[in-house]
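# A closer look at the structure
In case you want the letters, here they are:
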Amino acid sequence: MLSLTLVGQAVACFLITIASTPILALELPQLIPAVHRFTSTGSASSAFQLSRHVSLLVDQHDAQSTDDSGLTLIPTTLLAFAQTFKADIQELFPQTSVSLTLGDTRADTHSDTSIIVFSLSSRPNASTADGASTAEGYEIDISSTSIRIIASGSRGAFWATRTLLQGLVLTGGQFPVGKVVDQPDWRTRGFMLDVGRQWYPIAILRDLCTYASWFKVSEFHVHLSDNVSPRGNVNAYARFRLRPENPALAGLTPHLNETYSRAEFEDFQTHCASRGVTVIPELESPGHALVITQWKPELALSSDPSLINLTVPDAIPTIKSIWQEFLPWFHTKEVSIGADEYNASLADDYNNFVNEMSDFIGQQSRKRIRLWGTREPSNNTAVSKNITIQHWDFGDDDPFELVRAGYDVINSEDSFQYIVMKQSGSFPQHLNQTRLWDGANVDTGGIWDPHVFDRGNASNNPSISDPHLKGSIMAAWNDHGPTASTFLEAYYALKAGIPVVASAGWQAASRPNHLTHEQFLAAFPKLEAAAPGQNLARRIPSRGAVVAEYDLSQAPRGPTATSSTGVVRDRSGNGYDAFLSNGVLRTPLGSKGHNYTVLLRVRLSGAPGVLLSGPDNSFGIASRADGVPTFAFTSSNITYLLSSYALSSSSNDSTVVILTGTEGGTSAYVNGEHAGDFLVAIDGTTVLEPMAFVAPVKTIGGGENVIERFVLWNGLRVR
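Residues numbered from 1 in each chain as written. Predicted model: local features only at pLDDT ≥ 70, side-chain atom pairs only at ≥ 80, totals over all residues. Heavy atoms only, no water.

A separate point is the side chain of D398. Within the fold, D398 resides in the loop between β20 (388-391) and α8 (399-405). No salt bridge is formed by the buried D398. Its closest oppositely charged neighbour is R404, at 5.0 Å. Among the polar contacts made by the side chain of D398, one reaches the main-chain amide nitrogen of F400 at a distance of 3.2 Å. If near-sequence neighbours (up to four positions away) are discounted, D398 is found in contact with R375 and N460. (Helix = DSSP H or I, 4+ residues; strand = E, 2+ residues; numbered from the N terminus. Buried < 20%, exposed > 50% of the residue type's maximum accessible area, 1.4 Å probe, protein only. Lys, Arg positive; Asp, Glu negative; His and termini not counted. Salt bridge = Lys/Arg side-chain N within 4 Å of Asp/Glu carboxyl O. Polar contact = N/O pair within 3.5 Å; in protein donor to acceptor, adjacent residues only side chain to side chain. Contact = heavy atoms within 4.5 Å.)

See the structure below:
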């Protein structure tokens, strides 16, 4: 029998209380990434302390300045970055009011206390590891009453606010007196998400961008088209995620409900740019192109329908027409054409294609292209050195050889930076933290950073100062298609890897102040919970263990139930009162993230229907293949049955249903007995993996199954 005992933390919200006394140490908190240099200039007890009111002053001469040296074509002004900072302070420290004004900071006549000043200057003289100047550098001068941010560009000022906010979060609203001097070692500090084989609402992509920027990520590589392995099936799952406006391309996107409009995608890019992140779009061809050959079967290679036959006269014009449609959507100086895993026997066709696409895209938009490293042996042709190679596997290219030959290279080496959602025989489902922190070399260990491609031979890696080494991008793949995971499970897979890769790209492992594993483990839990501007963890503030509780046992039933209305009080003490209308209880909540426990006391009719719904999924009753009813979650219009359980025939007795959820899976209990775990069959095989659903708590009840009581706890209540 199940015994309900609280296990886990009691409060789900992240609330920072401003400390009432100064910190008693000179050390800078362990930030992610670590800063290159901090020099203390105060006594052991001196610190800037966030007060009840903070003034932000942006230099009027610099307010509209943008950083045009980065990859984005929609750079954000210094003033806009300061406005984002203002919103973040108010979110993280709601007891602090914040004002923002423009003024002449160079006159240095301001006398306010608790003031943070923004200006731009060449004084930071910041440069990346290869010696190139960067607008991402900054200095922060901290006194006990004021903070002055001086950045080499507007993005540098924004990264300074991340440093400042992280320090305030970790110390309860304080920052030690001193000076920070900081800049990235590499320009490209990114992550990639495969949205071609799994649908992600645009809001999820926005939130991932926001989360990543908290750790100074500079690029979000969005893999917008792909297919699962066809295995001979020309109708296998394949998707292209952008919705063309040209009717001639309509056949590319028959599933319009799984596409992004131009307005949505442009808003997404603008949002990311507002937090310092450039979106790098990828449209994949001539491999991984089943979505194109499903539209135009005559373009497929006879040996593999996911490969385009580049010798067919209409093949390259078709690909160009796709790019011509979408290039105006892309507000970046670089785009990716993918172009990996093509047929090696067609090397000359491949090389000529990518070079032609490089010329075409350059002529159409002045953009450079990237492609995945793909070994195409040819004595006659070669990929142009105007193309950036994104290395991922030594079986497909030799990255150091490419660097020496003069190619710009991005490190996505799969032994360090690849994950595959839910299951893989080759890759982990979360980045291998042990390898990243102490596996840069199989013999000597050490911390990984973007200059490390070959962990077996240190001499086969470029120096950190090589100008052709542009940085790194970790990659999250959805090889098993849309049924294998929910869109929020991508966040669980990425959330600990992104800050590690970003930190390595910000500061090389050979630097004296590089973040250590111990420091990361100490700081990450609190920083992950505090990341402003998003709620991917689906936290709900609560004063205690019970988040919400509703007693519906006295609600009107029978013929008048559909017209009954009224307020149902939340008995948890959190004030989440709900409204009953037409038999459905509507709460002010949405989804509850992990860990959670839900209790329903319900009179089950056995009829299919929704018991709980929210913005991310729903929970209710559905029929198995044999027609027997069972419990089920539905996410992205995909239903996941509790196949191991069969609901008994309806009765007048109440049934107690308990759901527990963690990032590792979701379980159901009925009348105290374990009814089963929610599992998915990978690729329709007998390989089963758990599904981690959030608790849907926006609406409760409705239909023929009558809910009498609902309780939502933070944490697991298990024996």
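A few words on the sheet that holds strand β35 (residues 665-670). The sheet built from 6 strands is open, its strands ordered β24-β41-β29-β34-β35-β36 with antiparallel pairing. The sheet terminates laterally at β24 (546-551) and β36 (673-677), the two strands that pair on one side only. Neighbour-to-neighbour, the strand axes of this sheet turn through a mean angle of 20°, independent of strand direction. Inspection of the sheet shows strand β29 (residues 596-603) paired to strand β34 (residues 655-662) by 7 bridges, in the antiparallel sense. In the sheet register, T597 faces β34, and the bridge partner there is T660. (Pairing = 2+ DSSP bridges. Axes fitted to C-alpha atoms, helices over the stretch in contact; angles between N-to-C directions.)

All right, on to the sheet that holds strand β31 (residues 618-623) then. What the 8 strands build is an open sheet, ordered β25-β26-β27-β40-β30-β31-β32-β33; its pairing is antiparallel. Strands with a single pairing partner mark the edges of an open sheet, and in this sheet they are β25 (565-568) and β33 (638-641).

Further remarks concern the packing of helix α1 (residues 78-92) against helix α2 (residues 154-171). The geometry of α1 relative to α2 is characterised by a closest axis approach of 9 Å and an angle of 15° between their N-to-C directions. With respect to each other, α1 and α2 are oriented roughly parallel. In the crossing of α1 with α2, the sense of the turn from one axis to the other is right-handed. Residues L78, F81, T84, F85, D88, I89 and L92 of α1 pack against S154, R155, A157, F158, T161, R162, L164, L165 and V169 of α2. Considered class by class, the residues forming the contact of α1 with α2 number 10 nonpolar, 3 polar and 3 charged. (Parallel < 35°, antiparallel > 145°, perpendicular 65-115°, else oblique. Left-handed = near helix turned anticlockwise from the far one by under 90°. Nonpolar A, V, L, I, M, F, W, Y, C, P; charged D, E, K, R; others polar.)

Let's shift gears to the state of the cysteines. All told, the structure shown has 1 disulfide when counted by the stated rule. Between C209 and C272 runs a disulfide, and the two sulfur atoms are separated by 2.2 Å. Judged by the torsion about the S-S bond (135°), the C209/C272 disulfide is right-handed. Here the residue C209 occupies a position in helix α3 (residues 202-213), and C272 occupies one in helix α4 (residues 262-273), the gap between them amounting to 63 residues. C272 gets classed as buried once you look at its relative accessible area, which sits at 0%. (Disulfide = S-S within 2.5 Å.)

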